[in-house]
Amino acid sequence: MIVEEIINSSIARIRKIRDKDYKKQVLKRFDSLKDFLDSKLLEIYNRIPGKKINRFYRELLDLYIGWENVLYAKRRINFIRKKVFDFYNLYRNRVRILRDRNEISKVGREFYGRVFSLLRRNKKAFLIYSEIEKFYRRIPKIKDLPTIVITGLPNVGKSTLLKRLTGSEPEIQPYPFTTKDIMVGYIRSVYSDIQVLDVPGIMDREFDRMNRIEKRAILALKYLANLIVYVIDLTETCGYSVKEQENVLRRIKDNFNLDIVIYFSKTDLFSDNEWKKMEDFVDRNKLRYFYDKDELVKYIIGFIKEKKLFV
Ligand SMILES: Nc1nc2c(ncn2[C@@H]2O[C@H](COP(=O)(O)OP(=O)(O)OP(=O)(O)O)[C@@H](O)[C@H]2O)c(=O)[nH]1
Ligand SMILES: [Mg+2]
């Protein structure tokens, strides 16, 4: 798709160039094609991340596209750029020594033919590039700010909490796996903004057995979190038992050396039974807990301040 678009706009540009002197016209067209492709390919090359990218984005790109594909595309685009330049030099020199209009026209067609088939043969690199562009549209820009990651099982109310904390508008649905990418919102404080990330739900299984979508959440915990807010749905309307939710919590505790607080969601649905379950849960797990979002915000700001994380 993208290759054909590039070819079509090249042709449109070339056709606009006219000169009374046929040979001059052909040479000007060559220049135009070379310049256009050179800037287009350089733009693409620069949009494709390279080895200098940070580890979070690199591993995330690896999950979405495959890091080796990204590197392949970057190398390939660079190669195509050089090759276009080679063809340009070769065919320009050929045209220069010709006088016959038919001969010039033939060499001209050969130049365009080789350049366009070079692009078409490398469709894969351009396809990977469009995947990268899609990735950039899906993944928010992660800023260098103190960062809270909201995590928990699917459907427990993570995105609802993000919305309540930050006023952002993530998709919220009554079924699991609604959030597939990483969502971001900000808590404004007098010190600086605090970045809050809402990530896909994770299931009760070993981290290395998780699917690609769950692994996105793990990467956010691994590379970005200063504090984890673990959401627990004691009503179990999420479809998962408290036991399963506790297992995942334990796994996170054991694998990440990070501060964790609990947020109990859906308290508007609580009966006496759930309030009792909350007491038991807190007794067992000895973690700081919240069910009021204003209290949680206050705590988060205090935490960031105490840990000197404000930038
Ligand atoms: N009554 C009530 N429902 C809630 C509350 N929080 C979330 N829900 C409902 O629970 C369902 C799941 O909420 P989400 O916020 O999408 O849950 P999530 O954890 O982001 O889910 P995934 O993205 O699929 O992992 C939705 O139907 C919400 O409306 C709450 O405090 N009270
Ligand atoms: Mg969600």
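Residues numbered from 1 in each chain as written. Chains lettered and ligands numbered in written order. Predicted model: local features only at pLDDT ≥ 70, side-chain atom pairs only at ≥ 80, totals over all residues. Heavy atoms only, no water.

### A short note on the site of ligand 1
Then comes step 1: The full set close to ligand 1 counts 20 residues, and Lys158, Thr160, Phe177, Thr178 and Asp268 are the nearest of them.
Then comes step 2: Between an oxygen atom of ligand 1 and a side-chain N or O atom of Lys158, the distance comes to 2.8 Å.
Then comes step 3: Between ligand 1 and Ser159 there is a distance of 2.9 Å, counted from an oxygen atom to a side-chain nitrogen or oxygen.
Then comes step 4: The protein chains hide 85% of the 650 Å² of surface that ligand 1 would expose on its own.
Then comes step 5: Judged by the fraction of its atoms near the pocket grid, ligand 1 is located in the largest pocket.
Then comes step 6: Partitioned by chemical class, the residues of the shell around ligand 1 number 8 nonpolar, 8 polar and 4 charged. (Near = heavy atom within 4 Å. Polar contact = N/O pair within 3.5 Å; in protein donor to acceptor, adjacent residues only side chain to side chain. Areas by Shrake-Rupley, 256 points an atom, 1.4 Å probe, with all protein chains shown as cover. 1 Å grid on protein atoms, 1.4 Å probe; cavity = no way out; pocket = protein on both sides within 12 Å on 5 of 7 lines; lining within 4 Å. Sits in = over half its atoms within 2 Å of the grid points. Nonpolar A, V, L, I, M, F, W, Y, C, P; charged D, E, K, R; others polar.)

### Some points on the coordination of the magnesium ion (ligand 2)
Then comes step 1: Those donors, Ser159 (OG) and Thr179 (OG1), are the protein atoms that reach the magnesium ion (ligand 2), and they lie 2.0 to 2.1 Å from it. Of the two residues, Ser159 is situated in helix 7 (residues 158-166) and Thr179 in the loop between helix 7 and strand 2 (183-187); the sequence distance between them amounts to 20 residues.
Then comes step 2: Assessed through its relative accessible area of 9%, Ser159 is described here as buried.
Then comes step 3: Residue Thr179 is classed as buried on the basis of its relative accessible area, which comes to 11%. (Donors = N, O, S within 2.8 Å, 3.2 Å for Na, K, Ca; no water. Helix = DSSP H or I, 4+ residues; strand = E, 2+ residues; numbered from the N terminus. Buried < 20%, exposed > 50% of the residue type's maximum accessible area, 1.4 Å probe, protein only.)

### Let's talk about the packing of aromatic side chains
Then comes step 1: Under the criterion given, the structure shown has 16 aromatic pairs.
Then comes step 2: Between Phe270 and Trp275 the ring centres are 4.9 Å apart and the planes differ by 75°, which places this aromatic pair in the edge-to-face class.
Then comes step 3: Looking at Phe270, the relative accessible area reads 11%, which means it is buried.
Then comes step 4: Residue classification places Trp275 among the partly exposed positions, given a relative accessible area of 34%.
Then comes step 5: Aromatic ring contacts, followed pair by pair, group Phe30, Tyr91, Phe111 and Tyr112 into a single cluster.
Then comes step 6: The positively charged end of Lys34 is found above the aromatic ring belonging to Tyr88, 4.8 Å away from the centroid.
Then comes step 7: The ring of Tyr22 has Arg101 lying over it, and the distance from NZ or CZ to the ring centre is 4.1 Å. (Phe/Tyr/Trp six-rings, centres within 6.5 Å; stacked < 30°, edge-to-face > 60°. Lys NZ or Arg CZ within 6 Å of the ring centre and 35° of its normal.)

### Describing the sheet that holds strand 6 (residues 289-290)
Then comes step 1: The strand order across the open sheet formed by 6 strands is 2-3-1-4-5-6, and the pairing between neighbours is mixed. Only two strands of the sheet have a single neighbouring strand rather than two, namely strand 2 and strand 6.
Then comes step 2: In this structure, strand 5 (residues 259-264) lies alongside strand 6, joined through 2 bridges in parallel fashion. Residue pairing for strand 6: Ile262 is matched across the bridge by Tyr289.
Then comes step 3: Sitting on the sheet, helix 7 is in contact with strand 1 (147-151), strand 2, strand 3 (194-198), strand 4 (227-232) and strand 5, with an inclination near 30° to strand 2.
Then comes step 4: Against the sheet, helix 10 (residues 272-285) makes contact with strand 4, strand 5 and strand 6, and its axis sits at roughly 170° relative to strand 5, the strand it touches most. (Pairing = 2+ DSSP bridges. Contact = heavy atoms within 4.5 Å. Axes fitted to C-alpha atoms, helices over the stretch in contact; angles between N-to-C directions.)

### Some points on the domain arrangement of the chain
Then comes step 1: Domain annotation of the chain identifies domain 1 (2-138) and domain 2 (147-306).
Then comes step 2: Placing the centre of domain 1 and that of domain 2 at their C-alpha centroids yields a distance of 46 Å.
Then comes step 3: Taken together, the contact between domain 1 and domain 2 spans 8 residues of the former and 11 residues of the latter.
Then comes step 4: Surface buried jointly by domain 1 and domain 2 totals about 970 Å² across both partners, of which 59% is contributed by carbon and sulfur atoms.
Then comes step 5: When residues of domain 1 are sorted by the area they lose upon contact with domain 2, Phe56, Leu63 and Arg138 head the list and together hold 60% of the total. (Domains from an automatic or database assignment. Buried area = accessible area lost by both parts, 1.4 Å probe.)

### Details of helix 3 (residues 55-64)
Then comes step 1: For helix 3, the full list of buried residues reads Phe56, Tyr57, Leu60, Leu61, Leu63 and Tyr64. Buried residues in helix 3, looked at end-on, bunch into an arc of 155°, giving them a common side.
Then comes step 2: Looking at the packing, one finds that the buried side of helix 3 touches helix 4 (67-96), helix 6 (123-138) and helix 8 (212-223).
Then comes step 3: At the N-terminal end of helix 3, a side-chain oxygen is found 3.1 Å from the backbone nitrogen of Phe56, two or three residues along, and the residue is Asn54.
Then comes step 4: Where helix 3 terminates, the next one or two residues include Gly66, which has phi positive at roughly 95°. (Arc of directions from axis to C-beta.)

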